[in-house]
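# Structural overview
These are the residues of each chain, in order.
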Amino acid sequence: MRKLLALTALAATLIAPSAATAQVNMLFTPNTITTPLNGGAFIGSGTLSGFSTPFTIFCTDQNNNISFGTTYDVVVTSLKSPTSMTGTRLGAAGSVFALDMYRANASLASQMLANSDLATRNLLQSQIWGNYGATSINSLVGNTNFDATGWYVITGRLVNANNDDRAMQEQLGFSPVPEPSTYALLASGLVGLGAVARRRRAQQA
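In this report, the structure presented in the accompanying data block is examined.

The rules behind these values
- Residues numbered from 1 in each chain as written.
- Predicted model: local features only at pLDDT ≥ 70, side-chain atom pairs only at ≥ 80, totals over all residues.
- Heavy atoms only, no water.
- Helix = DSSP H or I, 4+ residues; strand = E, 2+ residues; numbered from the N terminus.
- Buried < 20%, exposed > 50% of the residue type's maximum accessible area, 1.4 Å probe, protein only.
- Contact = heavy atoms within 4.5 Å.
- Areas by Shrake-Rupley, 256 points an atom, 1.4 Å probe, with all protein chains shown as cover.
- Pairing = 2+ DSSP bridges.
- Axes fitted to C-alpha atoms, helices over the stretch in contact; angles between N-to-C directions.
- Parallel < 35°, antiparallel > 145°, perpendicular 65-115°, else oblique.
- Nonpolar A, V, L, I, M, F, W, Y, C, P; charged D, E, K, R; others polar.
- Salt bridge = Lys/Arg side-chain N within 4 Å of Asp/Glu carboxyl O.

### Things to note about the overall build of the chain
For the chain, the count of helices and strands is five helices and seven strands. The N-to-C order of helical and strand elements in the chain reads α-β-β-β-β-β-α-α-α-β-β-α. Classification of the 205 residues of the chain by burial places 43% in the buried group. Restricting the contact set of the chain to residue pairs at least 6 apart, pairs at least 24 apart contribute 70%. By element, 56% of the accessible surface of the chain is carried by carbon and sulfur atoms, the whole surface being about 10,400 Å².

### Observations regarding the environment of Gln-62
Tracing the backbone shows Gln-62 in the loop between strand S4 (55–59) and strand S5 (70–78). With a relative accessible area of 52%, Gln-62 lands in the exposed category. Separated by 64 residues in sequence, Gln-62 and Ser-126 have C-alpha atoms that sit 9.7 Å apart.

### As for the pairing of strand S3 (residues 42–48)
Here S3 lies mainly inside the structure; five of its seven residues are buried. Here strand S2 (residues 35–36) runs beside S3; their pairing, made up of two bridges, is antiparallel. Bridge pairing in S3 places Thr-35 opposite Ile-43. Counted between consecutive antiparallel strands, the loop separating S2 from S3 contains five residues, among which Gly-39 sits at a positive phi close to 70 degrees. Hairpin connection between S3 and S4: a loop of six residues separates the two successive antiparallel strands, and Gly-50 in this loop has a positive phi of roughly 95 degrees.

### Here's the deal with the packing of helix H3 (residues 98–114) against helix H4 (residues 118–131)
Orientation of H3 relative to H4, taken along the N-to-C sense of each, is 170 degrees, at an axis distance of 9 Å. Classed by the angle they form, the pair H3 and H4 counts as roughly antiparallel. Two secondary-structure elements touch here, H3 through Met-101, Ala-104, Asn-105, Leu-108, Ala-109, Gln-111, Met-112 and Leu-113 and H4 through Arg-121, Leu-124, Gln-125, Gln-127, Ile-128 and Asn-131. By residue class, the composition of the contact of H3 with H4 is eight nonpolar, five polar and one charged.

### Digging into the pattern of salt bridges
This model, assessed by the stated rule, comprises one salt bridge. Close ionic contact of Lys-80 with Asp-147 constitutes a salt bridge, the shortest N to O distance being 3.0 Å. In this pair, Lys-80 sits in the loop between S5 and helix H2 (89–92) while Asp-147 sits in the loop between H4 and strand S6 (151–156), placing the two residues 67 residues apart along the sequence. Here Lys-80 falls in the partly exposed class, since its relative accessible area comes to 36%. For Asp-147, a relative accessible area of 48% translates into the label partly exposed.

This is the structure:
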């Protein structure tokens, strides 16, 4: 039983960054722009410290300048259950609908994953970029109530300061890694199984 609890605690620790905002490293792995889109946009891949599976990375910033095989310091914010949005560009700017905008963009990016038609992907990409200029929730394109499990905002200085005057650059990331709540549910189930096994041993004795 102790081993089961220890393994569960370890698993929850390994994915702890997904619960809130965390400063981590992102490695944009070589040759992973799987789908080049209009305007220099892309669907690519990257790995983040603290996460066991690679991320699918979506371009959300028109001025990103990513170098392959380079590690960047970034802030990762969960869109499923964030405790704060201040690590994101809109959150840092005090936007009252920051979470709505990022979830709307995640809903559009999820459609890009589900649809391989290049014209459709380019349209969705344009809508993602357009949402950054939205002035209200009503002007956002996409689903602001999107179930954003596995979706994250990746924020950091991803470009040379001489090439861009913005303090932060952003991307969306998707990783099918269960969030801590999933492991908490697993832990409760393991505890229950342990209690049943212990009761049976006691009855047999």
